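Chain by chain, the residues run as shown.
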Amino acid sequence: MKIGKRHYKDRASKGSEQRQYISYEDVPLDDIKDDEPLPTNVTKKFLKVFLLLFISVIVVMALTNIDKLTPDNISHWFEYDLLGKSEGEGYPASFSGADVDTENFELMDGVPVYCSDTSIVVLNTNAGKYQEVNHAFANPMLNVNSEYSVVYNAGATGYTVINRNSVVKTDLTKDKIFCADVCPKGIYCILTESENYLGKLTVYRKDDLEMYTYSFADYYVNKVSLNREGTRAVVSGLSAKNGNLLSVLYVIDFSQSNYMQRYEFDDMYIYDVKYLDNGNAVAVADKSAFYINVLDGTKKDISYHSKFLMSYTLNRQKGMMLSLSTTPDGKECNVLMIDDSGKQQAEIQTNSQVTSADFRNERIAVLASGEAVIYNMKGKKLVTVPLATDARKLRFADDSSLYVLGKSSLYHIKAEQ
């Protein structure tokens, strides 16, 4: 006890001297004061500098992502791209559903979107799901633009319009659907059967109000593509003449009651059409491809020269690619690239069966014999990457990587030199 009392007295007598070394844990909060606070002007300067730097970072990131800053996806850009939110466990990513047809996989706003037999799914770069929308379509078909996609039930009446984050519209049409498309402004159109005509084109504004209709009396229509502004469309159709197949391309301006241009093709079946962002259009048929200069009303035939069409890629910004085989079994393919001005930019002899092709920044990627092969525009091989045996379709993710569609999974592979 004496030792304890003495120790207590020593501490008490030296309290004033040790006060400056006492931990703030031993002092009531009210007694803690900063003897030398920062000058007010220094604090304000620091806050101004910090705020200026923050705003500068925001502006730089906004300018580098200006193509993404639209009213529909600015919140998504802020949440995922600016704040860095990331979900997903990486690729390969298994499909939601049992199967994804090759035509039902594309890129939307730079990220993968696919439609399986049960779901519409948009993925991020880490295989996380931006959204997953269930559907009950027996025959779903996907059409993609830069910021929107439309999935329609071919031969039935259901359709769904989505952007990267949400469902924009889901509804039923009165008549069965042949085809549908959507433009970057959210305007969408649907080709349907018609009670009194062979087909009907109906165009809807982003707010779902009907803005235009056109009925077809001479041809059964099958494909449609909107221009970038949502003011025109190119439509393909077919009929018969003297016992032979006859195909047609219409260019329709929504400010006019009659078609703007019409082109007929004897003994030809048109598979697909695309309105290019430069205002012209392309079409792929069984025996030839076509470039339509909408501005001057001329048509350019791109002959296959008796070769067999194995696959094709239509790109609104770039033009089209054609995989043409010298034999009916699809081997020994040449890959033809036609740019958005209708000029041939490359022809590559692959000596392989090419089932899918894509192009980006002077590079051409082909899926051939279980490999992804990347060429330059002169046909020189740059990279060869072995793929899974179930690879069916590829798309450039960026200059050095590819998304590859498999039978049950989606892969993201590096393709660097």
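These numbers come from a predicted model, not from an experiment.

Novice: If you had to explain the overall build of the chain to someone new, which residues and values would you point to?
Specialist: Per the secondary structure count, the chain includes 4 helices and 32 strands. When each of the 417 residues of the chain is scored for burial, the buried share is 47%. Partitioning the contacts of the chain with sequence separation of at least 6, the portion at a separation of at least 24 is 40%. Entry remark: accessible area of the chain is about 22000 Å², with carbon and sulfur atoms responsible for 50%.

Novice: Give a detailed account of the sheet that holds strand β8 (residues 158-163), specifying residues and quantitative values.
Specialist: Strand order in the open sheet formed by 4 strands is β6-β7-β8-β9, and the pairing between neighbours is antiparallel. Only two strands of the sheet have a single partner each, and these edge strands are β6 (140-144) and β9 (167-172). Taking the axes of each pair of neighbouring strands and ignoring which way they run, one obtains an average angle of 15 degrees across the sheet. Of the pairings in the sheet, the one linking β8 to β9 comprises 5 bridges and is antiparallel in character. Bridge pairing in β9 links Gly158 to Leu172.

Novice: Let's hear about the pattern of salt bridges: which residues, and what values?
Specialist: In this structure the tally under the stated criterion is 16 salt bridges. Asp109 is paired through a salt bridge with Arg164; the nearest N and O atoms lie 3.7 Å apart. Here Asp109 is found in the loop between β2 (105-108) and β3 (111-115), whereas its partner Arg164 is found in the loop between β8 and β9, with 55 residues between them in sequence. Judged by relative accessible area, which is 16%, Asp109 ranks as buried. Residue classification places Arg164 among the buried residues on the basis of a relative accessible area of 4%. Several salt bridges converge on common partners, so that one network encompasses Glu106, Lys393 and Arg395.

Novice: Provide a residue-level description of the sheet that holds strand β17 (residues 261-266), including the pertinent values.
Specialist: The sheet built from 4 strands is open, its strands ordered β14-β15-β16-β17 with antiparallel pairing. Strands at the two margins of the open sheet, each flanked by one partner only, are β14 (220-226) and β17. Averaged over all adjacent pairs, the angle separating strand axes in this sheet is 20 degrees, with direction ignored. As paired elements, strand β15 (residues 232-241) and strand β16 (residues 244-253) share 10 bridges and run antiparallel to each other. What sits directly across from Leu238, in β16, is Ser247.

Novice: Any details on the side chain of Ser325? Residues and values, ideally.
Specialist: Mapped onto the secondary structure, Ser325 falls in strand β23 (residues 319-325). Of the polar contacts made by the side chain of Ser325, one reaches the backbone oxygen of Thr327; its length is 2.8 Å. Of note is the side chain of Ser325, whose polar atom sits 2.5 Å from the backbone oxygen of Lys331. Among residues more than four places away in sequence, those in contact with Ser325 are Lys307, Phe308, Met310, Gly330, Lys331, Glu332 and Cys333.

Novice: Give me the environment of Val111: which residues, what numbers.
Specialist: Residue placement: Val111 occurs in strand β3. In the structure, Val111 is positioned 15 residues away from Asn126 in sequence and 9.9 Å away in space, judged by C-alpha atoms.

Novice: Any chance you could break down the packing of aromatic side chains for me, citing the residues and the numbers?
Specialist: The full count for this structure, using the stated rule, is 11 aromatic pairs. Considering the side-chain rings of Tyr250 and Tyr259, the 5.5 Å spacing of their centres and the 65 degrees angle between planes classify their relative orientation as edge-to-face. By relative accessible area, which is 28% here, Tyr259 ends up partly exposed.

About the thresholds
Residues numbered from 1 in each chain as written. Predicted model: local features only at pLDDT ≥ 70, side-chain atom pairs only at ≥ 80, totals over all residues. Heavy atoms only, no water. Helix = DSSP H or I, 4+ residues; strand = E, 2+ residues; numbered from the N terminus. Buried < 20%, exposed > 50% of the residue type's maximum accessible area, 1.4 Å probe, protein only. Contact = heavy atoms within 4.5 Å. Areas by Shrake-Rupley, 256 points an atom, 1.4 Å probe, with all protein chains shown as cover. Pairing = 2+ DSSP bridges. Axes fitted to C-alpha atoms, helices over the stretch in contact; angles between N-to-C directions. Salt bridge = Lys/Arg side-chain N within 4 Å of Asp/Glu carboxyl O. Polar contact = N/O pair within 3.5 Å; in protein donor to acceptor, adjacent residues only side chain to side chain. Phe/Tyr/Trp six-rings, centres within 6.5 Å; stacked < 30°, edge-to-face > 60°.

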